[in-house]
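Each chain, written out:
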2 protein chains.
Amino acid sequence: MTIEPVTQETFPAFVSLIEALAEYEHLEKPDNAAINRLRRDAFSVLPRFWAWLAIENEEAVGYAIAFETYSSFLAKPTMYLEDVFVLESARGTGAGSALFNTVLELARERECGRMEWAVLDWNQTAIDFYKKKGAEVRKEWLLCRLTP
Amino acid sequence: MTIEPVTQETFPAFVSLIEALAEYEHLEKPDNAAINRLRRDAFSVLPRFWAWLAIENEEAVGYAIAFETYSSFLAKPTMYLEDVFVLESARGTGAGSALFNTVLELARERECGRMEWAVLDWNQTAIDFYKKKGAEVRKEWLLCRLTP
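> An account of the sheet that holds strand β1 (residues 2-5) of chain A is requested, with residue identities and associated values reported.
By way of backbone hydrogen bonds, the strands of a sheet pair with one another, either parallel or antiparallel. On the basis of which strands lie adjacent, the open sheet formed by seven strands has the order β1(A)-β2(A)-β3(A)-β4(A)-β5(A)-β7(B)-β6(A) and mixed pairing. The open sheet has two edge strands with one neighbour each: β1 and β6 (136-137) of chain A. Pairing analysis gives four bridges linking β1 of chain A to strand β2 (residues 50-56) of chain A, with the strands arranged antiparallel. When the bridges of β2 of chain A are listed, T2 of chain A appears paired with I55 of chain A. Packing of helix α1 (residues 11-24) of chain A onto the sheet brings it into contact with β2, β3 (59-71) and β4 (76-86) of chain A, and relative to β3 of chain A it is tilted by some 80°.

> Any details on the interface of chain A and chain B? Residues and values, ideally.
The interface is formed by 53 residues belonging to chain A together with 53 residues belonging to chain B. Within the residue set of the side of chain A that touches chain B, elements represented by two or more residues are α1, α2 (32-43), β3, β4, α3 (95-109), β5 (114-120), β6 and β7 (141-146) of chain A. Among the elements that make up the side of chain A that touches chain B, the one with the highest residue count is β5 of chain A (seven residues). Split by residue class, the side of chain A that touches chain B holds 33 nonpolar, four polar and 16 charged.

> How would you sum up the relation of the copies chain A and chain B? Please name residues and give values.
Placing chain A over chain B gives an RMSD of 0.0 Å and needs a rotation angle of 180°, together with 0.0 Å of translation along the axis. Read as a symmetry element, the transformation amounts to a two-fold axis. Across chain A, the rotation axis passes nearest the C-alpha of T69 of chain A, at a separation of 3.4 Å. Of the residues that chain A buries at the interface, 100% are likewise interface residues in chain B, meaning the two copies contact each other through the same surface.

Reading the values: the criteria
- Residues numbered from 1 in each chain as written.
- Chains lettered and ligands numbered in written order.
- Predicted model: local features only at pLDDT ≥ 70, side-chain atom pairs only at ≥ 80, totals over all residues.
- Pairing = 2+ DSSP bridges.
- Helix = DSSP H or I, 4+ residues; strand = E, 2+ residues; numbered from the N terminus.
- Contact = placed C-beta atoms within 7 Å.
- Axes fitted to C-alpha atoms, helices over the stretch in contact; angles between N-to-C directions.
- Nonpolar A, V, L, I, M, F, W, Y, C, P; charged D, E, K, R; others polar.
- Least-squares fit on C-alpha atoms with pLDDT ≥ 70 in both.

The structure is reproduced here in structure tokens:
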């Protein structure tokens, strides 16, 4: 099991994994225009996110995406884990843990005050995994969203 | 009522408002080191956030902080509203609405796919305000947090 940053060469495997996560979360898959934007935003001079693959036997079996947000009260960056996902067939291999730890390590390196992410309330497997990692579920915060 | 970006000159008023929000949310106020980091992160070549003040009769009565995150499924930036706060004495003047609309307008300008933020579940005044703005409260998402 190795964790590697996504490159132009591994970008198609990365997209396949995003599509697999969309299916798992019952969400719509990115269309072609979205995939092109994703490539641009991943490899621009100021990338909009970091992305990694978990590779086992030369196959990409999982991925993670993260970026920095900001806490005004701590006055420190927050490492925000946007996605972490491992293929059903590779569960239990430690891929999820290795991806999570890579992002956590980056958070430490960059002196982030917090690491944060959101989990779907029905995804008990993920909630249990995060709790083992030392996370608190902050149920007092409600996520709000609108389309601009 | 005018909305103005925070400047070096108005930075002390901005910090006073952050302290007032900390008190309102029963959170700890930023210490001196945090205030210095906040100044650096607000005015660096690549600022970590945008910040605005609502000014009425030459007094700063409210503020907002926002930055961009990213949606991997939309492959578009998300405008994230980190804080929006108006002093008790200035509620009902439209300051909150003007601050919110400034961030929403920026989200449109920058072609964000979403605008997002979090609200404390006991803050019904804020929840009602956001619903009037067209927001959905996405209760299926739980916020997770850990200290790196």
